[in-house]
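The residues making up each chain are set out below.
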Amino acid sequence: MNTVETVAPIIEIIQEIRDAGGDAFKFCYQCGKCDVLCPWNKVRPFSIRKIVRQASLGLPEIELEDIWRCTTCGTCPSQCPRGVEQIQVGVAIRRIATSYGVFPGSARALRAVGGSLAADGNPLGDQREKRGAWARGLSVEPFSEGMEFLYFVGCYFSYDPRMKKVARATVDLLHRAGVDFGILGTAENCCGESIRKAGDEDLFKALARKNIKAFIDRGVKKILVSSPHCYHTFKNEYPEFMVHFEIVHMSQLLLELLEGGRLELSGGPEKKITYHDPCYLGRHNGIYDQPRQVLEKVPGLDLLEMPDNRQDSLCCGGGGGRIWMDTPKGERFADIRLQQAQQVGAQVLVTSCPYCISNFEESRLALRDDHPLEIMDITEIIHASLQGSGEQS
Ligand code: SF4
Ligand code: SF4
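Computed from a predicted model, the values in this text were never measured in an experiment. (Residues numbered from 1 in each chain as written. Chains lettered and ligands numbered in written order. Predicted model: local features only at pLDDT ≥ 70, side-chain atom pairs only at ≥ 80, totals over all residues.)

Participant: Teacher, can you tell me more about the sheet that holds strand S6 (residues 301-304) here?
Facilitator: To summarise the sheet geometry, strands pair through backbone hydrogen bonds and adopt either a parallel or an antiparallel arrangement. Taken together, four strands build an open sheet; the order of strands is S6-S5-S7-S8 and the sheet is parallel. Edge positions in the sheet fall to S6 and strand S8 (374-377), since each of these pairs with one other strand and no more. When the angles between neighbouring strand axes are averaged without regard to direction, this sheet yields 35°. With three bridges joining them, strand S5 (residues 271-275) and strand S7 (residues 348-351) adopt parallel strand pairing. By the bridge assignment, Thr274 is partnered in S7 with Leu349. Here helix H15 (residues 354-367) sits on the sheet in contact with S7 and S8, set at roughly 170° to S8. (Pairing = 2+ DSSP bridges. Helix = DSSP H or I, 4+ residues; strand = E, 2+ residues; numbered from the N terminus. Axes fitted to C-alpha atoms, helices over the stretch in contact; angles between N-to-C directions. Contact = placed C-beta atoms within 7 Å.)

What follows is the structure, given as structure tokens:
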């Protein structure tokens, strides 16, 4: 097999991986716990342990489809007894593959994604000029200095037809609560989280610099986000550029607005719901309680827990750039998650991440079973429960 050592000096490979993950990968003692925990092994064989082992020997096979599988869900690093940084090691191997243009199989989509991000600041192949079109008719102001929040909308909420409904519900709700906010519109670029995890470090840095400049030029101090991926990147990765902003996820603001009496809920029909913890809100950032506290405030909702909840939440399959790659039927984690929701008797699967909603909606359509399950963002369910709520999208 034509492996990376045919195209790159071995010393470069080892240095790349060390730069990304330190020497932590060396401490693996091959216990295999990571492979047991990894969601891939619910649908097909996959071994991050072997990838880490190869990396520690300086022999990663970058043509393998397997190096693109990790969704960076955070499960294995959170439980590895030796503190191995599997995600960083995996991303470092992807960086080598990206720098040599080696994109086997399903990862080929990354070329087009990278081109769209570089040209138009979004991964969906849409025009930059249309980034603010979702807000037409909603009286959303451009952010200006002195406003309390920059609402950083994010790519999927700006362009994806399903997600645009969430963005519109969000701003209607913010208006009703009297929140002082503005948006960047065409000056907004993808946060860069997923392309970084997919191995394109240069593109991540270019996107981050553009966003940071836009924030600083406008005097932004507090940023409200709907996506856990934006949340994670702004909070934990943009400080690498020596900047610090206060980052608030919508589920956190909802709780604050409800507890402060700025939103009044009337409730709707009685429903059994369950909440799916997105990896980048839960495992990566420890936000488990606030979304549940929000949902518990809605009259008529009965919140049920799936067995895999909180730190054991089952990944939807969309992180680490996988949202842009094809996953064959039978290998989609989202299919399993929908079945789990149905098994606890939920009528609505609620979450708070655009990747999770996209994957769940796709699975819902593909499964076409006799137990219809509604998929909702936490903002949508609160919006629908507001007193005097009227459809505005
Ligand atoms: S859980 Fe950690 S120590 Fe065990 S095999 Fe995986 S990486 Fe190695
Ligand atoms: S981070 Fe998640 S998807 Fe990636 S190897 Fe670990 S358990 Fe598997």
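Participant: I keep staring at helix H6 (residues 109-120) and nothing clicks. Help me out?
Facilitator: One full turn of an α-helix is made of 3.6 residues, so residues set three or four places apart face in the same direction. In this model, H6 (12 residues) spans 17 Å end to end at C-alpha, consistent with the 16 Å of a helix rising 1.5 Å per residue. Within H6, the full set of buried residues consists of Leu110, Val113, Gly114, Leu117 and Asp120. Here the buried face of H6 lies against helix H9 (193-197) and helix H10 (201-218). Immediately downstream of H6, the backbone of Gly121 shows phi near 75°, a positive value. (Expected span 1.5 Å × (residues − 1). Buried ≥ 20, exposed ≤ 12 C-beta atoms within 10 Å, placed from the backbone.)

Participant: Explanation requested: the site of ligand 2 in the structure shown.
Facilitator: Ligand 2 sits among 15 residues. The nearest are Cys38, Ile48, Cys70, Cys73 and Cys76. Grouping the constituent residues of the shell around ligand 2 by class yields 10 nonpolar, five polar and no charged. (Near = placed C-beta within 6 Å. Nonpolar A, V, L, I, M, F, W, Y, C, P; charged D, E, K, R; others polar.)

Participant: What am I meant to see in the domain arrangement of the protein here?
Facilitator: Interfaces are often described in size by the accessible area the parts lose on coming together. Domains assigned within the protein are domain 1 (4-102), domain 2 (120-256) and domain 3 (264-384). Counting residues at the interface gives 12 residues for domain 1 and 16 residues for domain 3. Per-class residue counts for the side of domain 1 that touches domain 3 are five nonpolar, five polar and two charged. (Domains from an automatic or database assignment.)

Participant: Explain the site of ligand 1 here, please?
Facilitator: Close contacts around ligand 1 come from 14 residues, with Cys28, Cys31, Cys34, Cys80 and Val84 the closest. Broken down by secondary-structure element, the contributors of at least two residues to the shell around ligand 1 are helix H2 (33-37) and helix H3 (48-56). In terms of residue class, the shell around ligand 1 is built from eight nonpolar, three polar and three charged.

Participant: Explain the pairing of strand S4 (residues 246-249) here, please?
Facilitator: Two faces make up the sheet, and in a regular strand the side chains alternate between them. A one-sided burial pattern is seen for S4, the buried positions being Ile247 and His249 and the unburied ones Glu246 and Val248. Pairing analysis gives four bridges linking strand S3 (residues 222-225) to S4, with the strands arranged parallel. When the bridges of S4 are listed, Leu224 appears paired with Val248. As for the winding sense of the linkage, the β-α-β connection from S3 through helix H11 (residues 228-237) to S4 is right-handed. (Right-handed = clockwise from strand over helix to strand, strands pointing away.)

Participant: Would you mind showing me how to read the sheet that holds strand S1 (residues 149-152) here?
Facilitator: Ordered by their spatial adjacency, four strands build an open sheet running S2-S1-S3-S4, and the pairing between neighbours is parallel. If you trace the sheet from one side to the other, it starts and ends with strand S2 (181-182) and S4, each paired once. Contacting S1, S3 and S4, H11 runs over the sheet at an angle of about 165° to S4. Across the sheet, helix H12 (residues 250-259) lies against S3 and S4, angled at about 80° from S4, the strand it touches most.

Participant: Is there a simple way to explain the packing of helix H14 (residues 333-343) against H15 in this structure?
Facilitator: The axes of two packed helices give the description: the angle between them and the distance between them. Across the interface, H14 lies against H15 with an axial gap of 9 Å and an inter-helix angle of 75°. Classified by the angle between their axes, H14 and H15 sit roughly perpendicular to one another. On the side of H14, the interface is formed by Ala334, Asp335, Arg337 and Leu338, while H15 contributes Asn359, Phe360, Glu362, Ser363, Arg364 and Leu367. Partitioned by chemical class, the residues of the contact of H14 with H15 number four nonpolar, two polar and four charged. (Parallel < 35°, antiparallel > 145°, perpendicular 65-115°, else oblique.)

Participant: Would you take a moment to explain the environment of Arg44 for this structure?
Facilitator: Inspection of the secondary structure assignment puts Arg44 in the loop between H2 and H3. For the pair Arg44 and Lys205, spaced 161 residues apart in the sequence, the C-alpha separation amounts to 34 Å.

Participant: Please clarify how the environment of Val243 should be interpreted in this entry.
Facilitator: Structurally, Val243 is set in the loop between H11 and S4. Residues Val243 and Gly58 lie 185 residues apart in sequence; the distance between their C-alpha atoms is 34 Å. In contact with Val243, other than residues within four places in its own chain, are Ile212 and Tyr238.

Participant: Is there a simple way to think about the packing of H12 against helix H13 (residues 289-296) in this case?
Facilitator: At a minimum axis separation of 8 Å, H12 and H13 run at an interaxial angle of 45°. It follows from the interaxial angle that H12 and H13 lie oblique. Crossing of H12 against H13: the hand is left-handed. Of the residues in H13, those in contact with Ser251, Gln252, Leu254, Leu255 and Leu258 of H12 are Gln290, Pro291, Gln293 and Val294. Partitioned by chemical class, the residues of the contact of H12 with H13 number five nonpolar, four polar and no charged. (Left-handed = near helix turned anticlockwise from the far one by under 90°.)

Participant: Help me out: how do you make sense of H12 in this one?
Facilitator: For H12, every residue scored as buried is listed here: Met250, Ser251, Leu253 and Leu254. For H12, the arc enclosing every buried residue in end-on projection is 160°, short of the 170-degree limit, so these residues lie on one face. The inward-facing, buried residues of H12 abut helix H8 (161-177), S3, S4, H13 and helix H16 (378-384). Taken from the residues just after H12, Gly261 is the one with a positive phi, measuring 75°. (Arc of directions from axis to C-beta.)

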